[in-house]
Amino acid sequence: DVPQDNLAKGVLMKRKDGYLLAIVPSSCHVNLDAVADFIRQPVGLATEEEVAAVFADCEVGSIPPVPSAYGLTSVMEHGLQGLHELYFDGGDHCTLIHINGRDFHRLTADVPHAQIAVRIH
């Protein structure tokens, strides 16, 4: 079993000048107000159609948390920092990528960190 706090998920959001990818643990929801405060502009969730268009090489509903592969700006939940290992969706609903924390943070080195997640009960 994969700990939900170590399973990173991407959440695609719309903002006035395009899209933003939030990266949070799968044990959490994105706090839209916190993201809006951090980037200093309103955000909303992207539609299923928009997600499918941006992640056209992925199965529907799969959003790998690798913003650089899709030319997206991003923000990551601060709580993902410092984990020894992470897992994330590989672009379909069958492939799970397992990566050590240092390599994941190297992969997302230019992604700012902020408190943007709220734990799901």
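Since we're looking at a predicted model, the values are computed, not measured.

1. Quick look at the pattern of salt bridges
- If you walk through the whole model with that rule in mind, you get four salt bridges.
- Where D17 meets R15, a salt bridge forms, and the shortest distance between an N and an O atom there is 3.0 Å.

2. Remarks on the nonpolar core
- Formed by 18 residues in total, the largest nonpolar core has its most connected members in A8, L12, I23, F55 and F104.
- Listing elements by their share of this core, those giving two or more residues are β1 (7–15), β2 (18–25) and β6 (85–89).
- In terms of nonpolar packing, the next biggest core, distinct from the first, is built from 13 residues, V30, V75, A114 and I116 among them.

3. Structural notes on unusual backbone geometry
- Located in the positive-phi region is R40, a residue other than glycine, with phi close to 60 degrees.
- Summarising the element assignment, R40 is placed in the loop between α1 (32–39) and β4 (44–45).
- On the accessibility criterion, R40 (77% relative accessible area) is exposed.

4. Description of the environment of P112
- Secondary-structure assignment places P112 in the loop between α3 (101–107) and β8 (113–114).
- Judged by relative accessible area, P112 falls into the partly exposed class, the value being 34%.
- Along the sequence, P112 and T73 sit 39 residues apart, while their C-alpha atoms lie 9.5 Å from each other.

Cut-offs used in this document
- Residues numbered from 1 in each chain as written.
- Predicted model: local features only at pLDDT ≥ 70, side-chain atom pairs only at ≥ 80, totals over all residues.
- Heavy atoms only, no water.
- Salt bridge = Lys/Arg side-chain N within 4 Å of Asp/Glu carboxyl O.
- Core = buried A, V, L, I, M, F, W, Y, C linked by side-chain atoms within 4.5 Å.
- Buried < 20%, exposed > 50% of the residue type's maximum accessible area, 1.4 Å probe, protein only.
- Helix = DSSP H or I, 4+ residues; strand = E, 2+ residues; numbered from the N terminus.

Any functional reading would require information beyond the geometric quantities listed.
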